[in-house]
Amino acid sequence: MDIDLLPAVSLDREVDALVIPVAPGPSLDPTGSEVDARLEGALSAALRDADFSGKVGKTMVIPTLGRLPVRRVVVTGIGDGAPTADDLRRAWAVAARAARDAGARSVVSAAPPTGDLGEERAYRAAVEGVRLGLYEFLEYRTLDRPEKRVERFDIAGESDAARRGLAAGEAVAAAVSLARDLVNQPADALYPERLAAIAQETASAAGLECVVHDPAALQDLGAGAILAVGKGSVREPRLIHLTYRPRGTSRGTIGLVGKAITFDTGGVNLKPTGSGLEHMKSDMAGGAAVLATMTALAALDVPFTVCGVIAAAENMLSGTAFRPGDVLRAMNGKTIEVISTDAEGRLVLADALTYTARQGAEALIDLATLTGAAIIALGQQGTALYGTDQALVDDLVAATAWSGEKLWPMPLWDEYRELIRGDVADLKNSGGRAGGSITAALFLREFTEGKPWAHLDIAGPAWADKVSDYAGKGGTGHGVSTLLAFLERRAAQG
Ligand code: BES
Ligand code: MN
Ligand code: ZN
């Protein structure tokens with residue numbers, strides 16, 4: 001599908017669907033009023049009769065019954081007052097879906113309202129919405145393949161700001177879609193070595209550097225934690241290191257670190273049936289978000305050097321698997337007593353964080369589907385946010401005003417540090433059930449080399465069990481949009 005800009009909406013050009021934003025109440029935007037006039041009041045009558053609320057997420061498809069070359073009008077609610085970026089993303093996502101489901105192949109959309117966002121952001125949000133709303137993962141479907149497909153989606157607007165918004169929206173949506181694709185891939189197809197190969201291909205297409213550390217290299221690095229997690233699987237672990245360098249002078253180095261357990265059986269502490277094992281192919285969502293984010297940095301002209309480090313391993317159960325009671329030596333020399341082989345994410349991240357800190361990153365941000373406890377605390381949609389640097393935490397929260405993702409700051413109480421103090425080793429990898437997301441974060445902090453660090457526990461939002469406005473079931477690509485908005489905010493701080 002192509003998304004293009006078009007100088008203005010013409011009601012005299014044949015098109016399958018025309019998208020019009022509608023706020024609650026009787027008034028229509030200029031395009032809406034024009035359509036209403038040409039239909040002799042039928043549009044406003046239809047909205048009134050159907051009691052159309054104008055709320056974000058609501059759409060209505062109104063056929064024009066041959067009275068206009070435009071075959072149908074898709075109205076999409078934009079809510080009261082100035083719409084947020086996420087309102088526009090949602091409104092254009094559901095509009096695109098409604099048009100597609102009505103069988104439209106060609107769609108023209110009125111301009112999105114700019115409100116307080118400015119034109120560029122408004123167009124960007126609408127474009128992200130269209131792409132993400134229409135996202136589908138069909139690689140393995142041979143039966144009942146959806147036949148309805150939008151082929152052209154034109155949006156009224158021709159300013160430079162609209163053009164920039166379109167380009168940025170395309171880059172961000174492509175990144176989020178890549179993260180979704182990776183998460184949706186079954187673990188038998190996407191294992192650490194394959195993820196590394198995809199990272200290499202992606203890097204060369206996006207002009208990034210990419211170094212992959214195999215087990216021999218990890219041995220040399222002293223990365224005993226990731227090696228232990230990976231050793232139960234015939235699919236060997238990899239530490240994937242991508243680097244983005246800005247066009248001009250770099251304004252500093254930021255490290256993004258992702259957990260990529262391509263499948264988490266729990267290992268010897270095997271996850272029970274009924275614990276959602278079939279979704280544990282998504283335990284690489286943090287790594288997917290990091291790889292995806294790296295692909296959009298150039299399009300957004302991010303002025304920092306960004307290190308993207310992905311700790312990839314498969315947590316399997318076999319004769320060569322690590323065991324509860326084993327003592328590991330992490331890259332930073334700290335020893336870890338394994339309490340549970342199912343607390344593997346913090347182990348691979350331990351080495352990845354140390355590695356990234358030693359690459360010269362001045363700030364570290366990790367993303368990980370780390371704990372069920374984060375889901376208990378904040379539900380399926382909330383990301384538990386931790387950090388040792390208030391500015392980093394504040395900027396990440398501020399970035400969600402744009403991304404619409406739900407991040408919630410959580411405490412790193414030093415009093416809980418004793419819960420992860422080891423008996424025979426320095427640390428143990430589980431602090432028990434109580435405060436499980438907090439103790440996991442405290443564990444990670446031990447490997448950050450004192451650098452400003454933030455941790456996003458995305459166990460809940462990385463995977464969706466039900467369809468939402470701009471994500472289907474499965475991988476959501478959560479985190480990508482916030483990371484990019486965060487980097488843009490930092491860039492704007494000068
Ligand atoms: N990958 C899981 C966390 C998870 C659970 C993600 C559900 C998404 C949905 C992680 O590796 C894990 O198993 N964590 C354990 C830690 C415990 C053993 C200390 C958990 O949360 O139960
Ligand atoms: Mn686990
Ligand atoms: Zn896991």
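Residues numbered from 1 in each chain as written. Chains lettered and ligands numbered in written order. Predicted model: local features only at pLDDT ≥ 70, side-chain atom pairs only at ≥ 80, totals over all residues. Heavy atoms only, no water.

## Regarding the domain arrangement of the protein chain
Then, in step 1: You can read the domains of the protein chain as domain 1 (2–158) and domain 2 (172–492).
Then, in step 2: One C-alpha centre belongs to domain 1, the other to domain 2, and the line joining them spans 37 Å.
Then, in step 3: The interface is formed by 19 residues belonging to domain 1 together with 22 residues belonging to domain 2.
Then, in step 4: Taken together, both faces of the contact between domain 1 and domain 2 bury some 1800 Å²; the carbon and sulfur share is 55%.
Then, in step 5: Considering only the side of domain 1, the residues that lose the most area to domain 2 are Arg124, Leu132 and Tyr135, jointly responsible for 33% of the buried surface there.
Then, in step 6: At the boundary of domain 1 and domain 2, one finds three salt bridges.
Then, in step 7: In this structure, Arg90 engages Asp469 in a salt bridge whose closest nitrogen and oxygen atoms are separated by 2.6 Å.
Then, in step 8: Seen at the junction of domain 1 and domain 2, the total is twelve residue pairs in polar contact (both at pLDDT 80 or more).
Then, in step 9: For the side of domain 1 that touches domain 2, the elements supplying multiple residues, two or more each, are helix H3 (85–101) and helix H4 (119–133). (Domains from an automatic or database assignment. Contact = heavy atoms within 4.5 Å. Buried area = accessible area lost by both parts, 1.4 Å probe. Salt bridge = Lys/Arg side-chain N within 4 Å of Asp/Glu carboxyl O. Polar contact = N/O pair within 3.5 Å; in protein donor to acceptor, adjacent residues only side chain to side chain. Helix = DSSP H or I, 4+ residues; strand = E, 2+ residues; numbered from the N terminus.)

## What to know about the side chain of Glu337
Then, in step 1: Considering the arrangement of structural elements, one finds Glu337 in strand E12 (residues 335–337).
Then, in step 2: Engagement of the side chain of Glu337 in a polar contact is seen with the backbone nitrogen of Asp423, the distance being 3.1 Å.

## Some details on the layout of surface pockets
Then, in step 1: If you add up the space inside the largest pocket, you get close to 1000 Å³.
Then, in step 2: In terms of lining residues, the largest pocket is bounded by 36 residues, among which Lys271, Leu370, Thr371, Gly372 and Ala373 are the most central.
Then, in step 3: Those elements that place two or more of their residues in the lining of the largest pocket are strand E9 (253–264), helix H10 (345–357), helix H11 (372–378) and helix H13 (436–445).
Then, in step 4: Considering each element in turn, the lining of the largest pocket owes the most residues, four residues, to H11.
Then, in step 5: Among the residues forming the lining of the largest pocket, the class breakdown is ten nonpolar, 17 polar and nine charged.
Then, in step 6: Its boundaries defined by the atoms lining it, the second largest pocket holds a volume of some 690 Å³.
Then, in step 7: Along the wall of the second largest pocket there are 29 residues; nearest its centre are Gln381, Ser468, Tyr470, Ala471 and Thr476.
Then, in step 8: Of all the elements in the fold, those that place two or more residues in the lining of the second largest pocket are H3, H4, helix H5 (160–184) and strand E18 (463–464).
Then, in step 9: Looking at side-chain class alone, the lining of the second largest pocket contains nine nonpolar, ten polar and ten charged residues.
Then, in step 10: Residue-level mapping places the lining of the second largest pocket at the junction of two domains, with at least three residues from each of domain 1 (2–158) and domain 2 (172–492). (1 Å grid on protein atoms, 1.4 Å probe; cavity = no way out; pocket = protein on both sides within 12 Å on 5 of 7 lines; lining within 4 Å. Points joined across faces, edges and corners; volume = space filled by probe spheres on them. Nonpolar A, V, L, I, M, F, W, Y, C, P; charged D, E, K, R; others polar.)

## Topic: the packing of aromatic side chains
Then, in step 1: Under the defined criterion, the tally for this structure stands at three aromatic pairs.
Then, in step 2: Ring geometry for Trp413 against Tyr416: centres 5.5 Å apart, planes inclined by 75°, an arrangement best described as edge-to-face.
Then, in step 3: By relative accessible area, Tyr416 is classed as partly exposed at 29%.
Then, in step 4: Above the ring of Trp402, the side-chain terminus of Arg89 is found at 5.0 Å from the ring centroid.
Then, in step 5: When the ring centre of Trp402 is taken as origin, the NZ or CZ atom of Arg121, which lies over that ring, is 4.2 Å away. (Phe/Tyr/Trp six-rings, centres within 6.5 Å; stacked < 30°, edge-to-face > 60°. Buried < 20%, exposed > 50% of the residue type's maximum accessible area, 1.4 Å probe, protein only. Lys NZ or Arg CZ within 6 Å of the ring centre and 35° of its normal.)

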